[in-house]
Amino acid sequence: MPSLAVNVDHVATLREARKINIPDPVTAAAMVELAGADGVVVHLREDRRHIQDRDVRLLRETIKTKLILEMATTSAMIAIALEIKPDLVTLVPEKREELTTEGGLDLSLHKDAVSDAVQALQKGGIPVSIFVDPDLDQIKLAHRIDANCVEIHTGTFCDADTPKKGSEAFKKIVNSAKLAHKLKLRVNAGHGLGYQTIKAFKKLSEIDEFSIGHSIIARAVFVGLDQAVREMIALIKEL
Ligand code: PXP
(Lines give C-alpha, C1' and ligand atoms only; values in the text may rest on other atoms or scores of the structure.)
Protein backbone atom coordinates (compact mmCIF):
# COMPACT_ATOMS: atom_id res chain seq x y z
CA MET A 1 0.00 0.00 0.00
CA PRO A 2 1.38 3.47 -0.84
CA SER A 3 1.98 5.71 2.12
CA LEU A 4 0.51 9.16 2.75
CA ALA A 5 2.46 12.28 3.66
CA VAL A 6 0.27 15.21 4.65
CA ASN A 7 1.28 18.77 3.81
CA VAL A 8 0.30 21.14 6.65
CA ASP A 9 1.34 24.43 4.98
CA HIS A 10 -2.25 25.65 4.88
CA VAL A 11 -2.56 25.50 8.65
CA ALA A 12 0.29 28.00 8.71
CA THR A 13 -1.41 30.02 5.94
CA LEU A 14 -4.39 30.48 8.26
CA ARG A 15 -2.14 31.46 11.16
CA GLU A 16 -0.23 33.98 9.04
CA ALA A 17 -3.53 35.57 7.93
CA ARG A 18 -3.71 36.99 11.47
CA LYS A 19 0.01 37.00 12.30
CA ILE A 20 -0.68 35.33 15.65
CA ASN A 21 0.18 31.88 16.97
CA ILE A 22 -2.93 29.83 16.06
CA PRO A 23 -3.59 27.48 14.39
CA ASP A 24 -0.19 25.88 14.88
CA PRO A 25 1.13 23.57 12.12
CA VAL A 26 3.11 21.72 14.80
CA THR A 27 -0.16 20.72 16.50
CA ALA A 28 -1.58 19.78 13.09
CA ALA A 29 1.44 17.56 12.42
CA ALA A 30 0.88 15.66 15.66
CA MET A 31 -2.79 15.20 14.77
CA VAL A 32 -2.11 13.89 11.26
CA GLU A 33 0.38 11.41 12.71
CA LEU A 34 -2.18 10.23 15.28
CA ALA A 35 -4.68 9.78 12.44
CA GLY A 36 -2.25 7.42 10.70
CA ALA A 37 -0.30 9.53 8.20
CA ASP A 38 3.18 8.24 7.39
CA GLY A 39 4.84 11.62 7.17
CA VAL A 40 4.43 15.38 7.40
CA VAL A 41 5.39 17.78 4.60
CA VAL A 42 6.17 21.48 4.88
CA HIS A 43 7.39 23.91 2.26
CA LEU A 44 9.69 26.53 3.74
CA ARG A 45 9.33 29.21 1.07
CA GLU A 46 11.89 31.93 0.60
CA ASP A 47 9.22 34.58 1.33
CA ARG A 48 8.10 32.67 4.48
CA ARG A 49 4.47 33.22 3.52
CA HIS A 50 3.24 30.28 5.60
CA ILE A 51 5.73 27.92 7.24
CA GLN A 52 8.32 29.71 9.41
CA ASP A 53 11.82 28.61 10.47
CA ARG A 54 10.49 28.04 14.00
CA ASP A 55 7.93 25.55 12.65
CA VAL A 56 10.56 23.46 10.91
CA ARG A 57 12.80 23.43 14.00
CA LEU A 58 9.94 22.34 16.27
CA LEU A 59 8.65 19.78 13.76
CA ARG A 60 12.11 18.21 13.65
CA GLU A 61 11.90 17.72 17.41
CA THR A 62 8.31 16.50 17.57
CA ILE A 63 7.56 14.43 14.46
CA LYS A 64 7.58 10.69 15.09
CA THR A 65 7.10 9.56 11.48
CA LYS A 66 8.98 11.48 8.76
CA LEU A 67 9.63 15.16 8.18
CA ILE A 68 9.70 16.03 4.49
CA LEU A 69 11.02 19.49 3.67
CA GLU A 70 10.06 21.03 0.33
CA MET A 71 12.42 23.81 -0.69
CA ALA A 72 13.96 25.77 -3.52
CA THR A 73 17.46 24.92 -4.77
CA THR A 74 19.28 27.83 -3.11
CA SER A 75 22.37 27.89 -0.92
CA ALA A 76 20.40 29.48 1.94
CA MET A 77 17.84 26.66 1.90
CA ILE A 78 20.51 23.98 1.58
CA ALA A 79 22.21 25.39 4.70
CA ILE A 80 18.93 25.25 6.63
CA ALA A 81 18.27 21.66 5.51
CA LEU A 82 21.76 20.56 6.53
CA GLU A 83 21.16 22.01 9.98
CA ILE A 84 17.62 20.66 10.47
CA LYS A 85 18.23 17.28 8.81
CA PRO A 86 14.75 16.39 7.55
CA ASP A 87 14.14 12.77 6.59
CA LEU A 88 13.73 13.80 2.96
CA VAL A 89 14.20 17.03 1.02
CA THR A 90 12.00 17.59 -2.02
CA LEU A 91 13.49 20.16 -4.38
CA VAL A 92 10.80 22.28 -6.02
CA PRO A 93 10.79 25.33 -8.29
CA GLU A 94 9.67 28.49 -6.55
CA LYS A 95 8.33 31.77 -7.88
CA ARG A 96 7.39 34.61 -5.57
CA GLU A 97 4.24 35.53 -7.48
CA GLU A 98 2.75 32.00 -7.62
CA LEU A 99 -0.13 30.90 -5.38
CA THR A 100 1.30 27.40 -5.14
CA THR A 101 4.03 25.41 -6.89
CA GLU A 102 3.11 25.56 -10.55
CA GLY A 103 5.05 22.73 -12.13
CA GLY A 104 8.02 20.43 -11.79
CA LEU A 105 11.65 21.49 -11.69
CA ASP A 106 12.97 21.60 -15.25
CA LEU A 107 16.09 19.48 -15.03
CA SER A 108 17.06 20.17 -18.62
CA LEU A 109 17.52 23.83 -17.57
CA HIS A 110 18.75 23.41 -13.99
CA LYS A 111 20.57 20.08 -14.06
CA ASP A 112 23.92 21.35 -12.77
CA ALA A 113 22.53 23.42 -9.88
CA VAL A 114 20.18 20.61 -8.85
CA SER A 115 22.95 18.03 -9.12
CA ASP A 116 25.18 20.13 -6.82
CA ALA A 117 22.31 20.48 -4.33
CA VAL A 118 21.60 16.72 -4.41
CA GLN A 119 25.26 15.98 -3.69
CA ALA A 120 25.52 18.53 -0.85
CA LEU A 121 22.35 17.25 0.82
CA GLN A 122 23.23 13.58 0.39
CA LYS A 123 26.70 14.27 1.81
CA GLY A 124 24.90 15.60 4.87
CA GLY A 125 22.95 12.34 5.11
CA ILE A 126 19.70 13.65 3.63
CA PRO A 127 17.98 11.72 0.81
CA VAL A 128 16.68 13.94 -1.97
CA SER A 129 13.54 13.85 -4.07
CA ILE A 130 13.00 16.06 -7.11
CA PHE A 131 9.55 17.34 -8.03
CA VAL A 132 9.26 16.81 -11.79
CA ASP A 133 6.58 16.90 -14.44
CA PRO A 134 5.47 13.49 -15.74
CA ASP A 135 8.00 13.50 -18.56
CA LEU A 136 10.33 10.61 -19.38
CA ASP A 137 13.33 12.88 -20.06
CA GLN A 138 12.93 14.53 -16.65
CA ILE A 139 12.85 11.12 -14.96
CA LYS A 140 16.01 10.05 -16.81
CA LEU A 141 17.77 13.27 -15.77
CA ALA A 142 16.74 12.78 -12.14
CA HIS A 143 18.23 9.30 -12.31
CA ARG A 144 21.39 10.61 -13.97
CA ILE A 145 22.04 13.09 -11.16
CA ASP A 146 21.57 10.34 -8.57
CA ALA A 147 18.43 11.61 -6.88
CA ASN A 148 16.97 9.11 -4.42
CA CYS A 149 13.40 9.79 -5.40
CA VAL A 150 11.17 11.68 -7.82
CA GLU A 151 7.86 13.26 -6.94
CA ILE A 152 5.70 13.19 -10.04
CA HIS A 153 3.59 16.30 -10.51
CA THR A 154 -0.07 15.25 -10.65
CA GLY A 155 -1.52 18.78 -11.00
CA THR A 156 -2.22 18.70 -14.74
CA PHE A 157 -4.16 15.46 -14.33
CA CYS A 158 -6.10 16.70 -11.29
CA ASP A 159 -6.97 20.04 -12.90
CA ALA A 160 -7.93 18.62 -16.33
CA ASP A 161 -11.28 20.05 -17.41
CA THR A 162 -12.20 17.29 -19.87
CA PRO A 163 -11.99 13.48 -19.55
CA LYS A 164 -9.75 13.38 -22.66
CA LYS A 165 -7.23 15.82 -21.16
CA GLY A 166 -7.43 13.91 -17.88
CA SER A 167 -6.69 10.54 -19.44
CA GLU A 168 -3.83 11.97 -21.53
CA ALA A 169 -2.30 13.53 -18.42
CA PHE A 170 -2.77 10.32 -16.44
CA LYS A 171 -1.04 8.25 -19.13
CA LYS A 172 2.03 10.44 -18.71
CA ILE A 173 1.96 9.84 -14.95
CA VAL A 174 1.73 6.07 -15.48
CA ASN A 175 4.64 6.00 -17.96
CA SER A 176 6.79 8.24 -15.77
CA ALA A 177 6.08 6.21 -12.62
CA LYS A 178 6.91 2.96 -14.39
CA LEU A 179 10.19 4.32 -15.77
CA ALA A 180 11.22 5.82 -12.43
CA HIS A 181 10.46 2.53 -10.67
CA LYS A 182 12.45 0.61 -13.28
CA LEU A 183 15.39 2.97 -12.70
CA LYS A 184 15.12 2.14 -8.98
CA LEU A 185 14.07 5.61 -7.97
CA ARG A 186 11.58 5.90 -5.15
CA VAL A 187 8.35 7.26 -6.64
CA ASN A 188 6.22 9.86 -4.89
CA ALA A 189 3.30 11.71 -6.44
CA GLY A 190 1.53 14.90 -5.54
CA HIS A 191 -0.12 18.20 -6.22
CA GLY A 192 -3.83 18.79 -6.55
CA LEU A 193 -4.81 15.28 -5.42
CA GLY A 194 -8.23 14.98 -3.81
CA TYR A 195 -10.74 12.43 -2.57
CA GLN A 196 -11.96 11.71 -6.13
CA THR A 197 -8.75 11.98 -8.16
CA ILE A 198 -6.87 9.62 -5.83
CA LYS A 199 -9.13 6.78 -7.06
CA ALA A 200 -7.50 6.91 -10.52
CA PHE A 201 -4.31 5.50 -8.99
CA LYS A 202 -5.86 2.08 -8.48
CA LYS A 203 -3.38 -0.57 -9.58
CA LEU A 204 -0.54 1.91 -10.27
CA SER A 205 1.62 -0.02 -7.84
CA GLU A 206 4.78 1.92 -8.69
CA ILE A 207 3.77 4.84 -6.48
CA ASP A 208 5.41 4.62 -3.05
CA GLU A 209 3.90 7.71 -1.45
CA PHE A 210 1.28 10.41 -2.05
CA SER A 211 1.93 13.95 -0.86
CA ILE A 212 -1.38 15.72 -0.24
CA GLY A 213 -2.19 19.03 1.39
CA HIS A 214 -4.96 21.30 0.17
CA SER A 215 -7.80 18.79 -0.16
CA ILE A 216 -7.16 17.30 3.28
CA ILE A 217 -6.91 20.64 5.07
CA ALA A 218 -9.98 21.92 3.17
CA ARG A 219 -12.02 18.89 4.28
CA ALA A 220 -10.68 19.24 7.81
CA VAL A 221 -12.41 22.63 8.08
CA PHE A 222 -15.74 20.76 7.97
CA VAL A 223 -15.08 17.30 9.40
CA GLY A 224 -11.95 17.79 11.50
CA LEU A 225 -8.34 16.94 10.68
CA ASP A 226 -8.43 13.45 12.17
CA GLN A 227 -11.38 12.35 10.03
CA ALA A 228 -10.06 14.06 6.90
CA VAL A 229 -6.77 12.17 7.14
CA ARG A 230 -8.45 8.85 7.98
CA GLU A 231 -10.81 9.17 4.97
CA MET A 232 -7.85 9.72 2.63
CA ILE A 233 -5.97 6.76 4.12
CA ALA A 234 -9.07 4.57 3.62
CA LEU A 235 -9.16 5.54 -0.09
CA ILE A 236 -5.45 4.83 -0.50
CA LYS A 237 -5.95 1.41 1.13
CA GLU A 238 -8.43 0.55 -1.61
CA LEU A 239 -5.97 1.27 -4.44
N1 PXP B 1 3.92 18.24 -3.73
C2 PXP B 1 4.55 19.41 -3.95
C3 PXP B 1 5.93 19.37 -4.50
C4 PXP B 1 3.93 20.64 -3.64
O5 PXP B 1 4.59 21.78 -3.86
C6 PXP B 1 2.64 20.62 -3.08
C7 PXP B 1 1.98 21.91 -2.70
O8 PXP B 1 2.64 22.49 -1.63
C9 PXP B 1 2.03 19.38 -2.86
C10 PXP B 1 2.67 18.21 -3.22
C11 PXP B 1 0.67 19.27 -2.25
O12 PXP B 1 -0.25 19.79 -3.16
P13 PXP B 1 -1.76 20.01 -2.70
O14 PXP B 1 -1.71 21.03 -1.61
O15 PXP B 1 -2.42 20.50 -3.94
O16 PXP B 1 -2.25 18.68 -2.24
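Located above this text is the structure these notes cover.
Fair warning: this is a prediction, and the values are worked out from it, not measured in the lab.

Turning next to the site of the ligand. In the vicinity of the ligand there are 14 residues, among which Thr101, Glu151, Gly192, Gly213 and His214 approach most closely. Note that a nitrogen atom of the ligand is positioned 2.5 Å from one of the side-chain N or O atoms of Glu151. Within the backbone of Gly213, a nitrogen or oxygen atom sits 2.8 Å from an oxygen atom of the ligand. Coverage of the ligand by the protein chains reaches 93% of its 400 Å² of free accessible surface.

Before going further, it helps to spend a moment on unusual backbone geometry. A cis geometry characterises the amide bond from Ile22 onward to Pro23, with omega recorded as -10 degrees. The topology assignment puts Pro23 in the loop between α1 (9-18) and α2 (25-34). In this model, Arg48 sits at a positive phi of 50 degrees, which is unusual for a non-glycine residue.

Taken as a whole and judged by the stated rule, the model has 4 aromatic pairs. On the numbers, 5.0 Å between centres and 50 degrees between planes, the contact of Phe157 with Phe170 is tilted. In this pair, Phe157 is assigned in helix α7 (residues 155-158) and Phe170 in helix α8 (residues 163-182), connecting sequence segments 13 residues apart. Phe170 shares its class with Phe157; the two are buried. Here the aromatic rings of Phe201 and Phe210 are separated by 5.2 Å at their centres, their planes lie at 80 degrees, and the arrangement is edge-to-face. When its relative accessible area of 1% is taken as the criterion, Phe201 is described as buried. Each residue in the set Phe157, Phe170, Phe201 and Phe210 is aromatic and connected to the rest through ring pairs, giving one cluster. Its end group placed over the ring of Tyr195, Arg219 keeps NZ or CZ at 3.6 Å from the ring centre.

How each quantity is defined
- Counting of residues starts from 1 at the beginning of each chain's written sequence and follows it residue by residue.
- Where local features are concerned, this predicted model is filtered to residues with pLDDT of at least 70; where side-chain atom pairs are given and counted, the filter is 80 or more; whole-chain, interface and lining totals use all residues.
- Only heavy atoms go into the side-chain values, all of them from the structure, while hydrogens and water stay out.
- Put simply, a residue is near a molecule or strand once any heavy atom of it comes within 4 Å of that molecule or strand.
- Any pair of nitrogen or oxygen atoms within 3.5 Å is treated as a polar contact; in protein, a donor-acceptor pairing is required on top of that, and neighbouring residues in sequence qualify only through side-chain atoms on both sides.
- Surface accessibility in these figures is a Shrake-Rupley result with a 1.4 Å probe; residues are shielded only by whichever protein chains are displayed.
- Here a strand is any run of E in DSSP of at least two residues, a helix any run of H or I of at least four, and the numbering for each starts at the N terminus.
- Centres within 6.5 Å are what make two rings of Phe, Tyr or Trp a pair, Trp counting through its six-membered ring; a difference in plane orientation under 30 degrees is then read as stacked, over 60 as edge-to-face, and the rest as tilted.
- Using a 1.4 Å probe on the protein chains alone, a residue whose accessible area is under 20% of its type maximum counts as buried, one over 50% counts as exposed, and one in between counts as partly exposed.
- Consider the ring centre and the ring normal. A charge sits over the ring if Lys NZ or Arg CZ is within 6 Å of that centre and within 35 degrees of that normal.

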